[in-house]
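Residues per chain are reported as follows:
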Amino acid sequence: MPITIPIRPAAAAPAARGASGLTSLPPLSVYVHVPWCVRKCPYCDFNSHAAEGEIPERAYLDALRADLEQALPGIWGRQVISVFIGGGTPSLLSAAGLDELLAMLRAYLNLWPDAEITMEANPGTAEAGRFRDYAASGVNRLSLGVQSFDDAQLRALGRIHNADQARRAIDMAQSAVSRINLDLMFALPGQSPRDCEADVREALSYGTEHLSLYHLTLEPNTVFAKYPPGNLPDDDTAAAMQDAVEALAAGAGLERYEVSAYARPGARCRHNLNYWEFGDYLGIGPGAHGKLSFHDRILREARTRNPERWMAAAMARDGSHIAETREVGKDELPFEFMLNVLRLKEGVPTSHFAERTGLSLAAIAHQLEAAVRKGLLDADPTRLKATPHGWAFLNDLQALFLN
Ligand SMILES: C[S@@+](CC[C@H](N)C(=O)[O-])C[C@H]1O[C@@H](n2cnc3c(N)ncnc32)[C@H](O)[C@@H]1O
Ligand code: SF4
């Protein structure tokens, strides 16, 4: 397993202020953002933009190459365990474009031979031939944004596809790759627990290995925030839906392993697990975020969000495509770490804290003690893991680690 790369003592420079003192680097993943969609969904706050006509694929791939080349010094020699091509709608890329993208990643990166390579696809842009071509280029996992199998719900969500198109997209995806994730949303306007269960039952009937189930949220600066849909299920109903889904998924052999993620044994999303385990990731493309560890610091960066400005800036090769680079302060690390790892139902080994933040566990001894005392954190000293009560009140548990 490609887990940690020891840092040779010879590479160690004198400790900088705020040095994190990492003795090894965590696994590294790569995220590639494709910022265009056919149409903007009214609930979506991702950095996605309605494409006017054809997407500027040539200019995008050239800018991506420039972005990647400029990022290489920060990840030199490190093995990459997973790639996630997300969006937006990556399935708007042509087969040749996606092939060029993956060839570029292989040429520049030390990609683990059986790296997980996921691509997101919108059922409204699915084509059997193109899915097979994506697979031939190296995509080994497809994530489909199904959202619901109810045509009225799909219309209310402003989706560009209906339920039958989603069903056909699942068939196409299944004949192209063996690893499939289906995205569903729940707590939709007017949705009853029975409607939600029907969606989940149908998703499970395809026998796919992974399901992501997202509670519809009204995000600021979206059409739904301005014109909220009526008749949204209340919190108790939504919680009951989630419990029912967990039971249904368990019956089909999929375990809930994270707040929104369900998988068969061995089918967890390696890429997302790396985020939740406080691993590293390089994010390239407009608006992509990254987290990179060095022996003496942990950096977060964000690319310029606007696709045209990002393309021009990346091609200028002067660093202006990076909107923000920020060292994560020692005082922020405990909360950032806990925010991620406590989303995992099984948590992480306690040793991860020191390995991935460079801080001693003693730095959070008081908070750990308080969390255990309140019944939110498991008392097992070998794992950092929420109790069932802590899982139900995750925000309260995570907030204990705010400085
Ligand atoms: C980037 S999108 C997935 C791929 C593709 N763009 C699509 O929509 O088909 C990731 C997923 O996030 C979920 N999502 C997006 N906005 C959401 C919101 N406001 N509330 C809940 N889930 C949301 C949807 O399930 C969506 O499939
Ligand atoms: S297709 Fe996906 S990324 Fe695009 S606007 Fe809709 S939810 Fe957002």
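As the structure is a prediction and not an experimental result, all values here were calculated from the model.

**Re the site of ligand 1**
Then, number 1: Taken together, 16 residues surround ligand 1, and among them Glu-120, Asn-122, Gly-145, Asp-183 and Tyr-214 come closest.
Then, number 2: At the level of elements, strand E6 (79–87), strand E8 (141–147) and strand E9 (179–186) are the ones that each hand at least two residues to the shell around ligand 1.
Then, number 3: Residue composition of the shell around ligand 1, by class: 6 nonpolar, 7 polar and 3 charged.

**Points about the UniProt feature "domain: Radical SAM core" (unreviewed entry) in the protein chain**
Then, number 1: Following the UniProt record, one finds the feature "domain: Radical SAM core" (unreviewed entry) at residues 22–255.
Then, number 2: The distance separating the terminal C-alpha atoms of residues 22–255 is 33 Å; by composition the span is 40% helix and 24% strand.

**Section: the pairing of strand E14 (residues 289–294)**
Then, number 1: Sheet topology note: the E14/strand E15 (residues 297–303) ladder contains 6 bridges and is antiparallel. Residue pairing for E15: Gly-290 is matched across the bridge by Glu-301.
Then, number 2: Between E14 and E15, which pair antiparallel in sequence order, lie 2 residues.

**Some details on the domain arrangement of the protein chain**
Then, number 1: Taken domain by domain, the protein chain comprises domain 1 (28–274) and domain 2 (331–402).
Then, number 2: The straight-line distance from the C-alpha centre of domain 1 to that of domain 2 is 29 Å.
Then, number 3: With 4 residues of domain 1 at the contact, the number on the domain 2 side is 4 residues.

**What to know about the site of ligand 2**
Then, number 1: Residues in close proximity to ligand 2 include Cys-37, Lys-40, Cys-41, Cys-44, Phe-46, Ser-48, Gly-87, Gly-88, Thr-89, Asn-122 and Gly-145, which together make up its full environment.
Then, number 2: Class assignment of the residues belonging to the shell around ligand 2 gives a composition of 4 nonpolar, 6 polar and 1 charged.

**Description of the pairing of E6**
Moving residue by residue along a regular strand, the side chains alternate between the two faces of the sheet.
Then, number 1: In terms of burial, E6 is a largely internal element, 8 of the 9 residues being buried.
Then, number 2: The sheet contact formed by strand E3 (residues 28–34) and E6 spans 7 bridges and is parallel. Paired with Tyr-31 across the strands is Phe-84, a residue of E6.
Then, number 3: Pairing geometry for E6 and strand E7 (residues 110–121), over 6 bridges, is parallel. By the bridge assignment, Ile-85 is partnered in E7 with Met-119.

**Description of the packing of helix H3 (residues 128–137) against helix H5 (residues 163–176)**
Then, number 1: As a packed pair, H3 and H5 sit with axes 9 Å apart at the nearest point and diverge in direction by 30°. As summarised for this structure, H3 and H5 are arranged roughly parallel, according to the angle between their axes. Here H3 runs over H5; the crossing is right-handed. Contacts between H3 and H5 involve Ala-128, Phe-131, Arg-132, Tyr-134 and Ala-135 from the former and Met-172, Ala-173, Ser-175 and Ala-176 from the latter.
Then, number 2: A breakdown of the residues in the contact of H3 with H5 according to their chemical character gives 7 nonpolar, 1 polar and 1 charged.

**Digging into the confidence of the model for the protein chain**
Then, number 1: Summing up the model confidence of the protein chain, the mean pLDDT is 94 and the portion of residues at 70 or higher is 95%.
Then, number 2: Low pLDDT (under 50) marks residues 1–19, which in the prediction has 30 contacts with non-local residues, meaning those over four places away or in another chain.

**What to know about helix H8 (residues 235–251)**
Then, number 1: In a regular helix each residue adds 1.5 Å, so 17 residues correspond to 24 Å; H8 covers 24 Å between its end C-alpha atoms and thus fits that length.
Then, number 2: Buried within H8 are the following residues: Met-241, Val-245 and Ala-249. Buried residues of H8, seen end-on, are gathered within an arc of 65° and therefore sit on one face of the element. Among the exposed residues of H8, those pointing more than 90 degrees away from its buried face are Asp-236, Asp-243, Ala-247, Ala-250 and Gly-251.
Then, number 3: Against the buried residues of H8 lie E9, helix H6 (193–205), strand E10 (210–215), strand E11 (255–258) and strand E12 (261–263).
Then, number 4: Immediately beyond the C-terminal end of H8, within one or two residues, lies Gly-253, with a positive phi of roughly 90°.

Thresholds applied
Residues numbered from 1 in each chain as written. Chains lettered and ligands numbered in written order. Predicted model: local features only at pLDDT ≥ 70, side-chain atom pairs only at ≥ 80, totals over all residues. Near = placed C-beta within 6 Å. Helix = DSSP H or I, 4+ residues; strand = E, 2+ residues; numbered from the N terminus. Nonpolar A, V, L, I, M, F, W, Y, C, P; charged D, E, K, R; others polar. UniProt positions renumbered as here; feature names shortened; annotations may be inferred. Pairing = 2+ DSSP bridges. Domains from an automatic or database assignment. Contact = placed C-beta atoms within 7 Å. Buried ≥ 20, exposed ≤ 12 C-beta atoms within 10 Å, placed from the backbone. Axes fitted to C-alpha atoms, helices over the stretch in contact; angles between N-to-C directions. Parallel < 35°, antiparallel > 145°, perpendicular 65-115°, else oblique. Left-handed = near helix turned anticlockwise from the far one by under 90°. pLDDT = per-residue confidence, 0-100. Expected span 1.5 Å × (residues − 1). Arc of directions from axis to C-beta.

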